[in-house]
Amino acid sequence: MDFLLPASLLVLSPLIGGLLEGTFRKLNARMQNRVGPPIVQPFYDLFKLLQKRPILINNYHVIMAYAHLVAMVIALATFLLGGDFLLVIFFHGMSLALLSMGAYGVRSSYSQVGATRELLHILAVEPVLIMIAANLYLNTGTFLLSEIFNSNFLFKSMPLAFLALVAVLPAKLKKSPFDVSEAHQEIIGGPEIEYSGPFYAPIYLAKWLEEVLSAGLIAMFFLGNPVITLIAISVTFTFVLAVDNSTARLSYWDMVKYTWEISIPLVLVNLVLNYVGVL
Amino acid sequence: MSIFALSRVKSPWILHYDTGGCNGCDIEILAVLTPRYDVERFGMINRGNPKQADVFLVTGPVTKRCRERLINLYLQVPEPKVVVAVGSCACDGGVFRNMYNVENGVDKVIPVDVYVPGCAARPHQIIDGVVKALEILSKKTKENIELPEYIKERFPSLNDRRKVLEEMRKR
Ligand code: SF4
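Residues numbered from 1 in each chain as written. Chains lettered and ligands numbered in written order. Predicted model: local features only at pLDDT ≥ 70, side-chain atom pairs only at ≥ 80, totals over all residues. Heavy atoms only, no water.

(A) Molecular detail of the interface of chain B and chain A. With 31 residues of chain B at the interface, the matching set in chain A holds 30 residues. Taken together, chain B and chain A are joined by eight salt bridges. A salt bridge links E40(B) to R25(A); the nearest nitrogen and oxygen atoms lie 3.0 Å apart. Viewed at the interface, chain A and chain B are joined by 21 residue pairs in polar contact (both at pLDDT 80 or more). In terms of residues, the side of chain B that touches chain A owes the most to one element, helix α1 (residues 3-10) of chain B, which gives six residues. (Contact = heavy atoms within 4.5 Å. Salt bridge = Lys/Arg side-chain N within 4 Å of Asp/Glu carboxyl O. Polar contact = N/O pair within 3.5 Å; in protein donor to acceptor, adjacent residues only side chain to side chain. Helix = DSSP H or I, 4+ residues; strand = E, 2+ residues; numbered from the N terminus.)

(B) Main features of the site of the ligand. In the vicinity of the ligand, the residues found are G21(B), C22(B), G24(B), C25(B), G87(B), S88(B), C89(B), V95(B), F96(B), G118(B), C119(B) and A120(B). Looking at the shell around the ligand residue by residue, the class counts come to seven nonpolar, five polar and no charged. (Near = heavy atom within 4 Å. Nonpolar A, V, L, I, M, F, W, Y, C, P; charged D, E, K, R; others polar.)

(C) Focus on helix α5 (residues 123-139) of chain B. Helix length check: α5(B) (17 residues) gives 25 Å between terminal C-alpha atoms against 24 Å at 1.5 Å per residue, within 8%. On the buried face of α5(B), the contacting elements are α1, α2 (24-32), β3 (55-59), β4 (82-86) and β5 (114-116) of chain B. (Expected span 1.5 Å × (residues − 1).)

(D) The nonpolar core, seen in detail. All names here are of chain A. Among the nonpolar cores identified, the biggest contains 73 residues, and F79, F85, L165, M220 and F221 are the most heavily contacted of them. If you tally residues by element for this core, the top one is helix α8 (residues 201-220), at 14 residues. In this structure, F85 is in contact with F79, L129, A133, L136, F143, L145, L217 and M220, ignoring residues within four places of it in sequence. (Core = buried A, V, L, I, M, F, W, Y, C linked by side-chain atoms within 4.5 Å. Buried < 20%, exposed > 50% of the residue type's maximum accessible area, 1.4 Å probe, protein only.)

(E) Spotlight on the sheet that holds β4(B). All names here are of chain B. Reading across from one edge, β2-β1-β3-β4-β5 is the order of the five strands in this open sheet, with parallel pairing throughout. Every interior strand has two partners, whereas the edge strands, β2 (45-46) and β5, have only one. Bridge count for β4 against β5 is three bridges, and the pairing is parallel. What sits directly across from A85, in β5, is Y115. (Pairing = 2+ DSSP bridges.)

(F) Inspection of the state of the cysteines at higher detail. All names here are of chain B. In total, this model carries zero disulfides over all chains according to the counting rule given. C66 carries a free sulfur, and the closest cysteine sulfur to it, the one in C89, is 11 Å from it. C89 sits in the buried class, given a relative accessible area of 11%. (Disulfide = S-S within 2.5 Å.)

Laid out in structure tokens, this is it:
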């Protein structure tokens, strides 16, 4: 496969992620009938965070923030450069686990609660992704993304798996109704509460990369025609934001229950249908 | 203006604390976030987290019980930061002035940069006050650390102050 496009996407991913986050905030504001911040707002936020006076709680806590970012970068790089899909899932889960390990390292009870909930996020999101990977294998005969990317319009043969992905996107992007680990009105950011200034910046950046990774996951189902891919990404994200604006937060237990009772069976049904040759 | 200086002004994250006022000003502060006034267009968000805040909005006359907490919150906000006293009672005590349980205003306890008068202060005035505060914020850097009078009196030597700050950070 052509190497230039994925490599340039990887280098530009902070830029794309920042603009994506800015668009999210703008869209969010428009949905609430507000004007909203400029689209480049996330970059202002990031640069401001870098200029604040560093307040160090302990070294371990900060190292984990950077480890979280690095693991997320590796996940994204593996994804874009066409590595193994299971490796992407593994590093994505690991980066969330590192964040929660850092959060366990401080005494703030909000941070501890947030860390536990972050682990529940892993429990909710990762199994669905693994099931999707199994489903991909059935359809394409490989876990290698470089070969999966050669496929054409996977949505045709795995629509239910895509629905399952959309159902876990709120949990993955920390949007309502499944923003249990961040929960700004409740535990004030959860695992990220004790990070400040320059030490919060890597976490802020990792969030953008997570959005780029999610966009990539959506795009994976709609390859072939770039226009259709872009439309699919924007429609899905708009839907996630609309859900974010119109629902209240559910409890952490509900999150795990929903994903396990709805998303995983959806992928399973898709798997069976693929196996018997209906789809 | 460089991108760094610009970003300092463009992204003020707010921490809001009521030190015992009647809650009138707090309702007005929340009104500022609604679609009608929409301060997010200036990049302001209500973080509720002192460690990630830049602008510290304080309402109320500072009751004796709130004093310690106010100082603690103030020290947790990393520099550069600005403090905006919102409402008459935060400026000088207002209707609560000279009562036995109040400190008569925020500036008796922590350094204040902008005063927003009014009982209750109107949303326009609050936005105006924060925009004024941003002008001050653009001139501040992370090096100039201001300490509350209270800390200066109790810990005259610089070394002791450093220890207090260390203590505060651990919380
Ligand atoms: S200034 Fe007036 S309205 Fe505002 S908190 Fe004080 S007493 Fe209440």
